[in-house]
Amino acid sequence: CRNPNQPRSTISSSRRMTRTIVTEKDVTPSWRMWSSSLSETQELIDPSLSNWVHHVQHILPQGRCQWINPAVKTEAEDFDDEEEEEEREEPDEPVPEHGPPLLNPISEDSEVDSMPAWSAGLTSNLVPQYAAAVLRSNLWPGSYVFGLDKKFENLYIGYGHKYTADNYSPPAPPATQEEYPSGAEVTEVPDPTVDEERALQAVQQEQLDREAEEAEMEEDDEEDD
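Rules and cut-offs
Residues numbered from 1 in each chain as written. Predicted model: local features only at pLDDT ≥ 70, side-chain atom pairs only at ≥ 80, totals over all residues. Heavy atoms only, no water. Helix = DSSP H or I, 4+ residues; strand = E, 2+ residues; numbered from the N terminus. Contact = heavy atoms within 4.5 Å. Areas by Shrake-Rupley, 256 points an atom, 1.4 Å probe, with all protein chains shown as cover. Buried < 20%, exposed > 50% of the residue type's maximum accessible area, 1.4 Å probe, protein only. Core = buried A, V, L, I, M, F, W, Y, C linked by side-chain atoms within 4.5 Å. Patch = residues over 30% accessible without salt bridge, like charges linked within 9 Å, V, L, I, M, F, W, Y side chains within 5 Å. Salt bridge = Lys/Arg side-chain N within 4 Å of Asp/Glu carboxyl O.

**Some remarks on the overall build of the chain**
Okay, step 1: Helix and strand counts for the chain stand at three helices and seven strands.
Okay, step 2: Expressed as a percentage of contacts within the chain between residues at least 6 apart in sequence, the contacts between residues at least 24 apart total 56%.
Okay, step 3: With the model as given, the accessible surface of the chain reaches about 17900 Å², and the carbon-plus-sulfur share is 49%.

The following block contains the structure:
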């Protein structure tokens, strides 16, 4: 079976069923339809949606089309858990899951936020005599079914997410921080020239020489004492 998070192509027309197509994966009837005239196409987009049915099995909450009892173990699992079986408590028997029967009308599908599960329309209102009937799923945005002449097809272009009334909205970003206060310690100044650097070095050297002389004079005074 398919991923339960992905919509499934399950819609076909119930009008004038002609033949059954059997695929290699599963034995599932797939019904063809006739819509060779404008009146028949209008019937396919009738708001009652009585001319469309599900022609394959629904996906159960278990994620499968056919329910499997998880409490039933295989011979290999029984052999591995033979020693621990006495200490383990027996779980409650799960309730089997059942889906709608085949050829269930889509008009019986549950509403989606006070909207019908499907919306019907034409591919073109300018040339309706050549337009195809289109059904749009309101539960799975991006899922479409179209019917024209003797064939129908299911199409899905989306992200695999169901419709939700409350879309996700990311939290608002925090308030912008204030700029660092400007001061002399953070204010940029132009680089000094070569002459200015030499003058600064000369002043620093003079200060070092003066400090050295003062230190020698203090040592001489201490020796005289």
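**Some details on the side chain of Asn-104**
Okay, step 1: Relative to the helices and strands, Asn-104 resides in strand β3 (residues 104-105).
Okay, step 2: Assessed through its relative accessible area of 12%, Asn-104 is described here as buried.
Okay, step 3: Setting aside residues no more than four positions away along its own chain, Asn-104 makes contact with Val-53 and His-54.

**A few points about the nonpolar core**
Okay, step 1: Counting residues in hydrophobic clusters, the biggest one holds 12 residues: Leu-44, Ile-45, Leu-49, Trp-52, Ile-106, Ala-117, Trp-118, Leu-122, Ala-131, Ala-133, Leu-135 and Val-145.
Okay, step 2: Of all the secondary-structure elements, those providing two or more residues to this core are β4 (118-122) and β5 (133-137).

**Some remarks on a nonpolar patch on the surface**
Okay, step 1: Nonpolar side chains collect at one region of the surface, where Leu-126, Val-127 and Tyr-130 lie side by side and expose about 390 Å² of accessible area between them.
Okay, step 2: In this fold, Tyr-130 is placed in the loop between β4 and β5.
Okay, step 3: Accessibility expressed as a relative area gives 64% for Tyr-130, which makes it exposed.

**Notes on the side chain of Ser-143**
Okay, step 1: Turning to its location among the elements, Ser-143 is positioned in strand β6 (residues 143-148).
Okay, step 2: By relative accessible area, which is 9% here, Ser-143 ends up buried.
Okay, step 3: Those residues within four positions of Ser-143 in sequence are excluded, and the remaining contacts are Trp-118, Leu-135, Arg-136, Ser-137, Leu-155 and Tyr-156.

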